[in-house]
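One letter stands for each residue in the lines below.
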Amino acid sequence: MCAVAEKGKDFFHMIKCKLNQAEIAYREGDFSTAITRSNEALKLSDSYAYPPQVAEIYLMIGEAYAEVSQHDLATRYYYEALEITQKLGLRYLTARLYSNLSWVFYERKDY
């Protein structure tokens with residue numbers, strides 16, 4: 001799928017491919033690769049901005065940073081995603097972001 005998307009300059013699927021690679025790396029505990037692939041997806045989104053997909057990218061980056069205890073960066077990306085999800089009324093992602101933010105605040109002991 002990735003090669004076909006790249007050949008056809010199908011930015012939606014190129015971004016989805018990078019995001020899928022990030023999710024796989026995340027599940028395997030390779031948070032550095034998850035961040036790298038997510039940032040590649042984010043860069044591609046400059047050419048094709050589909051806001052729900054951009055929110056998913058920010059969420060993935062935030063989750064990877066949270067896993068390596070970089071809470072300030074995690075919070076930054078969660079808030080970027082939250083701005084999009086609230087504007088679009090994406091309730092499930094908004095709820096997930098609030099849950100993730102609460103965990104980061106707990107980890108930082110920022111009650």
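Residues numbered from 1 in each chain as written. Predicted model: local features only at pLDDT ≥ 70, side-chain atom pairs only at ≥ 80, totals over all residues. Heavy atoms only, no water.

(A) Molecular detail of the overall build of the chain. Along the chain, the regular secondary structure elements total six helices and zero strands. Ordered by position in the sequence, the α and β elements of the chain form the string α-α-α-α-α-α. The C-alpha radius of gyration of the chain comes to 14 Å, within 12% of the 13 Å expected for a compact globule of 111 residues. When the backbone C-alpha atoms are referred to their principal axes, the chain occupies close to 50 × 30 × 20 Å. Burial analysis of the chain (111 residues in total) assigns 41% to the buried set. The contacts in the chain between residues at least 6 apart in sequence include a share of 50% that link residues at least 24 apart. With 13 positive and 15 negative side-chain charges, the chain shows a spacing of 4 Å between the two charge centroids. (Helix = DSSP H or I, 4+ residues; strand = E, 2+ residues; numbered from the N terminus. Rg over C-alpha atoms; globule rule 2.2 N^0.38 Å. Buried < 20%, exposed > 50% of the residue type's maximum accessible area, 1.4 Å probe, protein only. Contact = heavy atoms within 4.5 Å. Lys, Arg positive; Asp, Glu negative; His and termini not counted. Charge placed at Lys NZ, Arg CZ, Asp CG, Glu CD.)

(B) Local environment of the pattern of salt bridges. Tallied over the full model, the rule gives seven salt bridges. Here arginine 108 ties to aspartate 110 by a salt bridge, and the two come within 3.3 Å at their closest N and O atoms. Using a relative accessible area of 29% as the deciding quantity, one classes arginine 108 as partly exposed. (Salt bridge = Lys/Arg side-chain N within 4 Å of Asp/Glu carboxyl O.)

By themselves, these figures tell us nothing about what the structure is for.
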